[in-house]
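Each chain, written out:
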Amino acid sequence: MQEIRDCKGRIACKGNANTGLVEVVYKRCKTSTKISIGGTFKIEREGVVTVVTRINDSAFYVESYDCVA
């Protein structure tokens, strides 16, 4: 599982591009899902939005931005 970080350098989630599995652990709560190729998963935490897109079976594309100006 590779670490996926947000625009502030924090770990937003961990993912495995080969299987599409994405796991978010925050305050002892664990959420997981499988993303199909071309699918996206959005994580919002403390004013930061991170969108993870599975582009193929070996990579994710990550966009992250701060909503608080």
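Residues numbered from 1 in each chain as written. Predicted model: local features only at pLDDT ≥ 70, side-chain atom pairs only at ≥ 80, totals over all residues. Heavy atoms only, no water.

Chemist: Any chance you could explain the nonpolar core here in plain terms?
Modeler: A general tendency of soluble globular proteins is for nonpolar side chains to be buried together. Listed in full, the ten residues of the largest apolar core are Ile4, Ala12, Cys13, Ala17, Val22, Val24, Ile35, Ile43, Val52 and Phe60. Secondary structure elements with two or more residues in this core: β2 (11-16) and β3 (21-26). Every residue in contact with Cys13, bar those within four places of it in the chain, is listed here: Gln2, Glu3, Ile4, Val22, Glu23, Val24, Ile43 and Val52. (Core = buried A, V, L, I, M, F, W, Y, C linked by side-chain atoms within 4.5 Å. Buried < 20%, exposed > 50% of the residue type's maximum accessible area, 1.4 Å probe, protein only. Helix = DSSP H or I, 4+ residues; strand = E, 2+ residues; numbered from the N terminus. Contact = heavy atoms within 4.5 Å.)

Chemist: Is there a simple way to think about the pairing of β2 in this case?
Modeler: On a regular strand, each side chain points to the face opposite its neighbour's, so the side chains alternate between the two faces of the sheet. Bridge count between strand β1 (residues 2-5) and β2: four bridges; the pairing is antiparallel. Of the residues in β2, the one forming a bridge with Glu3 is Lys14. Following β1, the chain reverses through five residues before pairing antiparallel with β2; Gly9 in that reversal takes a positive phi of roughly 85°. Summarising the sheet, β2 and β3 pair through three bridges and their orientation is antiparallel. Note on β3: the bridge partner recorded for Gly15 is Val22. Where β2 folds back onto β3 in an antiparallel hairpin, the turn is made up of four residues, including Gly20, whose phi is positive at roughly 85°. (Pairing = 2+ DSSP bridges.)

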